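Fold and contact review
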Amino acid sequence: MAQPAPALSFEFFPPRTEALEQQLWACIRRLEPLAPRFVSVTYGAGGTTQERTHATVARLVKETSLTPAAHLTCVGASRDEVDEVARRYWEAGVRHIVALRGDAPTGEETYTPHAQGYAYAADLVAGLKRIGDFEISVAAYPETHPTASSAQHDIDNLKRKIDAGATRAITQYFFDTEVFLRFLDRALAAGITVPIVPGILPVSNFKQVKKFSAMCGTNVPDWMGTLFDGLEDDPETRKMVAAAVAAEQVRLLQANGVDEFHIYTLNRADLSYAIAHILGARPKKG
């Protein structure tokens, strides 16, 4: 029997050039008819894309039927500055924030809280709740955040973010479904009961993903390397393999009772649309 289509959300990043802006909006228009639960727009390291993020989110509110969620980080800004950004979002009609500590700015090895800023994501969540009744999503790390002192410390930190008012956690991407399911068990044991939504990354460039995964602590299984072996100069086949791998990952998770997924689109509609279609998502009529 076919499983019902899961609830989906998509993530975009703000464009740096006119050409990338066109690619982003082509991606948004392609995925919009699938009526995702929400779409999130990322924020560059050190808050470097704040204005572009705001412009993209404001346009999503005005010109589409989508519900946007804006990323907001603690990095490189005072509480007053962060609060002001949050108020601007509220005034623009944005009611959903993805609240993150954020990575250290380029050139700095470790994260240091801003002297007048929110120190960590839990503080940011509490601050946002004082500004408005935002829906707040936070990050979770099935394979533990690279800077966490232990897996338990990482879970405790997630619990603090939830206790501060977050209503959902979205995970860092992963490729081993067992890793995610074990993480769910540990979260539940820690008293975390909000939805934990798996982040799904379609892999169109295996070499790039392997390099990035090494930096963020995500394990890339050997079987994945075997699947992409010999396809370095064959982007079309790579796309087909990527769609099959991501759809299979979601199917396995669905079979274990997971019914909501967050797809990291990398502003490429084709792969995300194909995966959503395989999972049963169809354009909404009318």
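Here the structure is a predicted model, which means the values were calculated and not measured.

Another aspect to go through is the overall build of the protein. On a plain count of helices and strands, the protein comes out with 10 helices and nine strands. A compact globule built from 286 residues would reach a C-alpha radius of gyration of about 19 Å, and the protein, at 18 Å, matches this within 12%. When the backbone C-alpha atoms are referred to their principal axes, the protein occupies close to 50 × 45 × 40 Å. A total of 286 residues make up the protein; the buried ones form 51% of that total. Taking all contacts inside the protein whose residues are at least 6 apart in sequence as the whole, residues at least 24 apart take part in 79%. Looking at the protein as shown, the accessible area adds up to about 13800 Å², and 52% of this sits on carbon and sulfur atoms.

This paragraph deals with helix α10 (residues 269-278). Taken together, the buried positions of α10 are occupied by A269, L271, S272, Y273, I275 and A276. Buried residues belonging to α10 abut β1 (7-12), α1 (18-31), α9 (235-255) and β9 (260-264). Downstream of α10 by a residue or two, G280 has a phi angle that is positive, lying close to 100 degrees.

Here we come to the nonpolar core. Generally speaking, nonpolar side chains in soluble globular proteins are found buried as a group. Core analysis: the largest hydrophobic core is formed by 84 residues, its most contacted members being F10, L128 and V138. Examining the composition of this core, we find that seven residues originate from one element, α9, more than from any other. Excluding anything up to four places from it in sequence, L128 contacts L72, A86, I97, A99, F134 and I136.

All right, on to the sheet that holds β1 then. Judged by pairing direction, the sheet is parallel, and its nine strands sit side by side in the order β7-β6-β5-β4-β3-β2-β1-β9-β8 without closing on themselves. The sheet is open, and its two edges are formed by β7 (196-197) and β8 (199-200), each paired on a single side. Pairing of β1 with strand β2 (residues 39-41) involves three bridges; the strand directions are parallel. Residue pairing for β2: F10 is matched across the bridge by V39. Sitting on the sheet, helix α3 (residues 79-91) touches β3 (68-73) and β4 (96-100), and the angle it makes with β3 is about 175 degrees.

This part covers the environment of V82. With respect to the secondary-structure elements, V82 resides in helix α3. Sequence-wise, V82 and G117 are 35 residues apart; in three dimensions their C-alpha atoms are separated by 8.0 Å. When sequence neighbours within four positions are dropped, the list of residues in contact with V82 reads L72, T73, A77, Y118 and L124.

The subject of this paragraph is the packing of α1 against α10. Interaxial distance between α1 and α10 falls to 9 Å at its minimum, and their mutual angle equals 15 degrees. With respect to α10, the axis of α1 lies roughly parallel. Once α1 is placed against α10, the crossing between them reads as right-handed. Along the contact surface, α1 presents C27, R30 and L31, while α10 presents A269, S272 and Y273. Grouping the constituent residues of the contact of α1 with α10 by class yields four nonpolar, one polar and one charged.

Turning our eyes to something else, we now look at the environment of N205. Its location among the elements puts N205 in the loop between β8 and α7 (206-216). Owing to a relative accessible area of 31%, N205 belongs among the partly exposed residues under this scheme. For the pair N205 and F228, spaced 23 residues apart in the sequence, the C-alpha separation amounts to 9.0 Å. Engagement of the side chain of N205 in a polar contact is seen with the backbone nitrogen of Q208, the distance being 3.1 Å.

Examined against the element boundaries, H54 turns out to sit in helix α2 (residues 50-63). If sequence neighbours within four positions are ignored, H54 has contacts with R88 and Y89.

The alternating pattern of strand β6 (residues 168-171) places R168 and I170 on one face and A169 and T171 on the opposite face, and all of these are buried. Pairing of strand β5 (residues 135-140) with β6, which is carried by four bridges, proceeds in the parallel orientation. The residue bridging S137 from the neighbouring strand is R168, located in β6. Relative to β7, β6 runs parallel, the two being bridged by two bridges. Paired with I170 across the two strands is V197, which belongs to β7. Taking the sense of rotation as the criterion, the β-α-β connection linking β6, helix α6 (residues 177-189) and β7 turns out right-handed.

Criteria and cut-off values
- Residues numbered from 1 in each chain as written.
- Predicted model: local features only at pLDDT ≥ 70, side-chain atom pairs only at ≥ 80, totals over all residues.
- Heavy atoms only, no water.
- Helix = DSSP H or I, 4+ residues; strand = E, 2+ residues; numbered from the N terminus.
- Rg over C-alpha atoms; globule rule 2.2 N^0.38 Å.
- Buried < 20%, exposed > 50% of the residue type's maximum accessible area, 1.4 Å probe, protein only.
- Contact = heavy atoms within 4.5 Å.
- Areas by Shrake-Rupley, 256 points an atom, 1.4 Å probe, with all protein chains shown as cover.
- Core = buried A, V, L, I, M, F, W, Y, C linked by side-chain atoms within 4.5 Å.
- Pairing = 2+ DSSP bridges.
- Axes fitted to C-alpha atoms, helices over the stretch in contact; angles between N-to-C directions.
- Parallel < 35°, antiparallel > 145°, perpendicular 65-115°, else oblique.
- Left-handed = near helix turned anticlockwise from the far one by under 90°.
- Nonpolar A, V, L, I, M, F, W, Y, C, P; charged D, E, K, R; others polar.
- Polar contact = N/O pair within 3.5 Å; in protein donor to acceptor, adjacent residues only side chain to side chain.
- Right-handed = clockwise from strand over helix to strand, strands pointing away.

Geometric descriptors of this kind do not, in isolation, establish any biological role.
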